[in-house]
Amino acid sequence: REAYHIAVYVRSNSLIDLIYRVRDEHHTFIDAEHFHSLRYEKVLKEGRYRADEVMDFDQERHQATYFSRKNGTKKQMPILKNVQDELSSAYWFRMQSMEVGDVIHIPAMADEKNWDLEVRILERNQVEIKGLGTFEAFQLEPSAKFRGLFIRRAKIRGWMSIDDKRLPLMMKTKIPVLGTITVVLVGYEGR
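Bear in mind the structure is a predicted one, so any value in this text is a computation, not a measurement.

**Structural notes on the sheet that holds strand 12 (residues 179-184)**
Okay, so step 1: If you trace the six strands from one edge of the open sheet to the other, you get 7-8-9-10-11-12, paired in antiparallel fashion. A strand with exactly one partner marks an edge of an open sheet, and here the two such strands are strand 7 (103-110) and strand 12. In this sheet, adjacent strand axes meet at a mean angle of 25 degrees when their direction is disregarded.
Okay, so step 2: For strand 7 and strand 8 (residues 113-129), the ladder comprises eight bridges, and the chain directions are antiparallel. Paired with P107 across the two strands is D116, which belongs to strand 8.

Structure representation (structure tokens):
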């Protein structure tokens with residue numbers, strides 16, 4: 001099937017590297033027609049923790065195949081209809097109609113389990129991003145119980161532009177020991 005390939009690379013800065021070095025890589029392949037996940041790959045290097053995993057989604061049969069390239073584990077599991085992975089869920093979410101006060105539910109697969117990812121649209125703000133300008137943005141609060149990309153059972157706030165691009169502008173979360181972590185968009189390509 002034709003698919004969009006989205007890659008996200010997460011790298012801690014030199015100061016955080018002294019405490020907890022992070023070098024993560026995430027790839028999602030999203031069906032170009034139906035906008036659900038076809039494949040998700042992640043390579044995690046977080047402190048001493050390592051993972052190298054692939055999840056293939058058979059959306060017609062509602063089955064996923066998990067494979068660990070690190071230890072050779074392979075298994076199949078049922079999935080929800082039109083399930084999203086940790087990364088494709090953000091892409092799908094950006095395409096939804098939304099207003100302040102809305103709650104959007106996303107069927108998601110993470111940690112080899114099906115989850116209901118809930119995103120609350122809290123308010124509208126102006127967000128200034130150095131080098132990119134000032135944006136009208138929705139302030140968002142995702143809620144999930146899985147240990148996924150950025151989501152570590154912690155409270156997260158995110159900001160997404162309200163324009164047609166729906167750019168993910170910024171995200172903030174508090175992490176034990178490290179304190180507040182802020183992720184900020186530094187650039188983008190495309191339309």
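**Observations concerning the packing of aromatic side chains**
Okay, so step 1: Tallied over the full model, the rule gives three aromatic pairs.
Okay, so step 2: For the pair Y4 and F35, a centre-to-centre distance of 6.2 Å together with 10 degrees between the ring planes defines the contact as stacked. Residue Y4 is located in strand 1 (residues 3-11), and its partner F35 is located in the loop between strand 2 (23-31) and strand 3 (37-46); the two are separated by 31 residues in the primary sequence.
Okay, so step 3: These aromatic residues form a ring-pair network of at least three members: Y4, F35 and Y91.

**Digging into the nonpolar core**
Where a protein is soluble and globular, its nonpolar side chains tend to be buried together.
Okay, so step 1: In terms of nonpolar packing, the biggest core is built from 13 residues, with F93, M98, I106, V119, I121 and L140 touching the most fellow members.
Okay, so step 2: For this core, the secondary-structure elements that each account for two or more residues are helix 2 (88-94), strand 7, strand 8 and strand 9 (133-143).
Okay, so step 3: Each residue touching V119, except ones within four places of it in the same chain, is listed here: F93, D102, V103, I104, I106, L140, E141 and P142.
Okay, so step 4: By size, the runner-up hydrophobic cluster in this structure holds ten residues, among which are M55, A64, M77 and M109.

**Structural notes on the environment of Y20**
Okay, so step 1: Note on placement: Y20 falls in the loop between helix 1 (14-17) and strand 2.
Okay, so step 2: Here Y20 falls in the partly exposed class, since its relative accessible area comes to 32%.
Okay, so step 3: The sequence separation of Y20 and E46 amounts to 26 residues, and the corresponding C-alpha distance is 6.8 Å.

**As for a nonpolar patch on the surface**
Okay, so step 1: Where nonpolar side chains cluster on the molecular surface, the patch consists of L15, L18, I19, Y20 and Y49 and spans about 560 Å² of accessible area.
Okay, so step 2: Along the chain, I19 turns up in the loop between helix 1 and strand 2.

**Quick word on the side chain of N125**
Okay, so step 1: Among the secondary structure elements, N125 is positioned in strand 8.
Okay, so step 2: Judged by relative accessible area, N125 falls into the buried class, the value being 19%.
Okay, so step 3: Separated by 3.0 Å, the side chains of N125 and E123 make a polar contact.
Okay, so step 4: If near-sequence neighbours (up to four positions away) are discounted, N125 is found in contact with F135, E136, A137, Q139 and W159.

**Let's talk about the sheet that holds strand 3**
Okay, so step 1: Pairing within the open sheet is antiparallel, and its six strands lie in the order 1-2-3-4-5-6. Every interior strand has two partners, whereas the edge strands, strand 1 and strand 6 (74-78), have only one. Each strand axis lies, on average, 15 degrees off the axis of its neighbour in the sheet, ignoring direction.
Okay, so step 2: Judged from the five bridges that link them, strand 5 (residues 63-68) and strand 6 form a sheet pairing that is antiparallel. Bridge pairing in strand 6 links A64 to M77.

**Points about the side chain of E141**
Okay, so step 1: Within the fold, E141 resides in strand 9.
Okay, so step 2: A distance of 3.3 Å separates the side chain of E141 from the side chain of R157, its partner in a polar contact.
Okay, so step 3: Non-local contacts of E141, meaning those with residues more than four positions away in its chain, are made with E118, V119, R120, L122, K155, I156 and R157.

Cut-offs used in this document
- Residues numbered from 1 in each chain as written.
- Predicted model: local features only at pLDDT ≥ 70, side-chain atom pairs only at ≥ 80, totals over all residues.
- Heavy atoms only, no water.
- Pairing = 2+ DSSP bridges.
- Helix = DSSP H or I, 4+ residues; strand = E, 2+ residues; numbered from the N terminus.
- Axes fitted to C-alpha atoms, helices over the stretch in contact; angles between N-to-C directions.
- Phe/Tyr/Trp six-rings, centres within 6.5 Å; stacked < 30°, edge-to-face > 60°.
- Core = buried A, V, L, I, M, F, W, Y, C linked by side-chain atoms within 4.5 Å.
- Buried < 20%, exposed > 50% of the residue type's maximum accessible area, 1.4 Å probe, protein only.
- Contact = heavy atoms within 4.5 Å.
- Patch = residues over 30% accessible without salt bridge, like charges linked within 9 Å, V, L, I, M, F, W, Y side chains within 5 Å.
- Areas by Shrake-Rupley, 256 points an atom, 1.4 Å probe, with all protein chains shown as cover.
- Salt bridge = Lys/Arg side-chain N within 4 Å of Asp/Glu carboxyl O.
- Polar contact = N/O pair within 3.5 Å; in protein donor to acceptor, adjacent residues only side chain to side chain.

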